[in-house]
Amino acid sequence: MSSVVVAMDGPSGSGKSSTSRGVAKRLGLRYLDTGAMFRAMTWWMLRHGVDVEDVEAVASHADTPVLVSGTDPAAPTITVDGVDVSGPIRSPEVTSAVSAVSAVPEVRARLLRDQRAIIGDGGIVVEGRDIGTVVAPDAAVKVYLTADPEARATRRTAELSGADVTATRADLLRRDRLDSGRKAAPLAMADGAHHIDTTPFTLEEVVEQVVALVEQADAE
């Protein structure tokens, strides 16, 4: 499976990260969290006083930060200008601003180049919101995960620092509207994607389903 690309899309809290990492570990593949890249970009903008609601200001700085994404599913990392931001990018401040930054075409174009460079010749599970539609439309396996809002809010709250379930649920629904409605690479299920509603399943059960899809694709 050294050349396989698995595209894992879906809204926040649907189980993309845990599932993607689990599949990558099981199959000996690399792993890339594209959402962390957008969060890292947002963290840099906030840290440098860029108004994230000012599209032109964000666009003018899109190529400035140096982002490095680790691809080990057992210990994924991300640094910005040499600083480990794995923790800070999960803060409520970044969470509330990331949709605005992600909607800027220049940011998406810059990170798209980075993402495709990391994907390279394959052997990777890539998670995000536009992987199957934009980043890797030729991926051998495309998966679209969803879950009901309550399950998503509970899962997401466990990942974020300083958050509560009610506020997280409201923010998830807000981001759904923004991500699905933006002009640049909106959140959508790719043609040919396998839809999995993760609500009734354990993480291991979802991982098993995706592993089976990858193994089937690899055998064809």
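Residues numbered from 1 in each chain as written. Predicted model: local features only at pLDDT ≥ 70, side-chain atom pairs only at ≥ 80, totals over all residues. Heavy atoms only, no water.

**Some remarks on the side chain of Ser12**
Note the cut-off: By the criteria applied, helices consist of DSSP H or I runs no shorter than four residues and strands consist of E runs no shorter than two, each listed in order from the N terminus. Contacts: residue pairs with any heavy atoms within 4.5 Å of one another.
Relative to the assigned elements, Ser12 resides in the loop between strand 1 (5–9) and helix 1 (16–27). What Ser12 contacts, discounting residues up to four positions off in sequence, is Arg129, Arg152, Arg156, Leu172 and Arg175.

**Quick word on the sheet that holds strand 7 (residues 141–146)**
Heads up, the rule is: Two strands pair under a simple rule: DSSP has to find at least two bridges between them. To define axes, lines are fitted to C-alpha atoms, for helices over the stretch in contact only, and angles between the resulting N-to-C directions are given on a 0 to 180 degree scale.
Read from one edge of the open sheet, five strands run 2-6-1-7-8, paired in parallel fashion. Among the strands making up the open sheet, the edge pair consists of strand 2 (30–33) and strand 8 (194–197). The sheet shows a mean angle of 20° between the axes of neighbouring strands, direction not considered. Where strand 7 and strand 8 come together, four bridges link them in parallel fashion. Note on strand 8: the bridge partner recorded for Leu145 is Ile196. Each of strand 1, strand 2 and strand 6 (124–128) is contacted by helix 5 (residues 105–119), which is oriented at about 170° to strand 2, the strand it contacts most.

**Some details on unusual backbone geometry**
Look at Asp81: it is not a glycine, yet its phi comes out positive at around 50°. Tracing the backbone shows Asp81 in the loop between strand 4 (78–80) and strand 5 (83–84).

**Some details on the layout of surface pockets**
Condition: Lining residues are defined by having an atom within 4 Å of a point belonging to a cavity or pocket. Those points lie on a 1 Å grid over the protein atoms alone, cavities being sets where a 1.4 Å probe fits but cannot get out and pockets being open sets with protein on both sides within 12 Å along at least five of seven lines. Grid points are joined across faces, edges and corners, and a volume is the space filled by probe spheres set on the points.
Size it by volume and the largest pocket reaches roughly 300 Å³. As for the largest pocket, its lining consists of 16 residues, of which Tyr31, Asp33, Ala36, Pro76 and Arg90 are closest to the centre. Those elements that provide at least two residues to the lining of the largest pocket are helix 1, strand 2 and helix 7 (149–159). Here the lining of the largest pocket gets three residues from one element, more than from any other, and that element is strand 2.

**What about the packing of helix 4 (residues 92–102) against helix 8 (residues 165–181)?**
What counts, and what does not: When describing relative orientation, an angle under 35 degrees is termed roughly parallel and one over 145 degrees roughly antiparallel, while 65 to 115 degrees is termed roughly perpendicular and anything else oblique. The handedness criterion is simple: a crossing whose near helix is rotated anticlockwise from the far helix by less than a right angle is left-handed, and one whose near helix is rotated clockwise is right-handed. All residues other than Ala, Val, Leu, Ile, Met, Phe, Trp, Tyr, Cys, Pro, Asp, Glu, Lys and Arg, Gly among them, are scored as polar; the first ten of these are nonpolar and the last four charged.
Closest axis-to-axis distance for the helix 4/helix 8 pair is 10 Å, and the angle between their directions is 10°. For the element pair helix 4 / helix 8, the angle class is roughly parallel. Our pair here, helix 4 against helix 8, has a crossing hand that is left-handed. Where helix 4 approaches helix 8, its residues Thr95, Ser96, Val98 and Ser99 are matched on the opposing element by Asp171, Arg174, Arg175, Leu178 and Asp179. A class-by-class count of the residues in the contact of helix 4 with helix 8 yields two nonpolar, three polar and four charged.

**So, the environment of Arg177**
Among the secondary structure elements, Arg177 is positioned in helix 8. A sequence separation of 102 residues divides Arg177 from Ala75, and the C-alpha atoms of the two residues are 31 Å apart.

**What to know about the pattern of salt bridges**
A pair can form between side chains of opposite charge whenever their charged atoms are brought close. What counts, and what does not: Salt bridges are defined as contacts in which a side-chain nitrogen from Lys or Arg sits within 4 Å of a carboxyl oxygen from Asp or Glu.
The tally for this structure, following the rule as stated, stands at eight salt bridges. The salt bridge involving Asp171 is made with Arg174; its shortest N-O contact spans 2.7 Å. Here Asp171 pairs with Arg174, and both are found in helix 8, just three residues apart, close to one helical turn. Through salt bridges with shared partners, a single ionic network connects Arg26, Glu204 and Glu208.

**Concerning the pairing of strand 6**
We count it as follows: Between buried and exposed lies partly exposed: a residue is buried under 20% and exposed over 50% of the maximum accessible area for its type, with that area taken using a 1.4 Å probe on protein chains only.
With five of five residues buried, strand 6 lies mostly within the body of the structure. Burial along strand 6 is two-sided: the residues Ile124, Val126 and Gly128 and Val125 and Glu127 are all buried. Sheet topology places strand 2 next to strand 6; four bridges connect them, and they run parallel. The residue bridging Tyr31 from the neighbouring strand is Val125, located in strand 6.

**Brief notes about empty space enclosed by the protein**
Taken as a whole and judged by the stated rule, the model has one cavity of 30 Å³ or more. Reported here for the largest cavity is a volume of approximately 280 Å³. Of all the secondary-structure elements, those providing two or more residues to the lining of the largest cavity are helix 1, helix 2 (34–47), helix 4, strand 6, helix 7 and helix 8. Considering every element that reaches the lining of the largest cavity, the biggest residue donor is helix 2, with five residues. The residue makeup of the lining of the largest cavity, split by class, is four nonpolar, ten polar and 13 charged.

In short, shape yes, function no, at least from these values alone.
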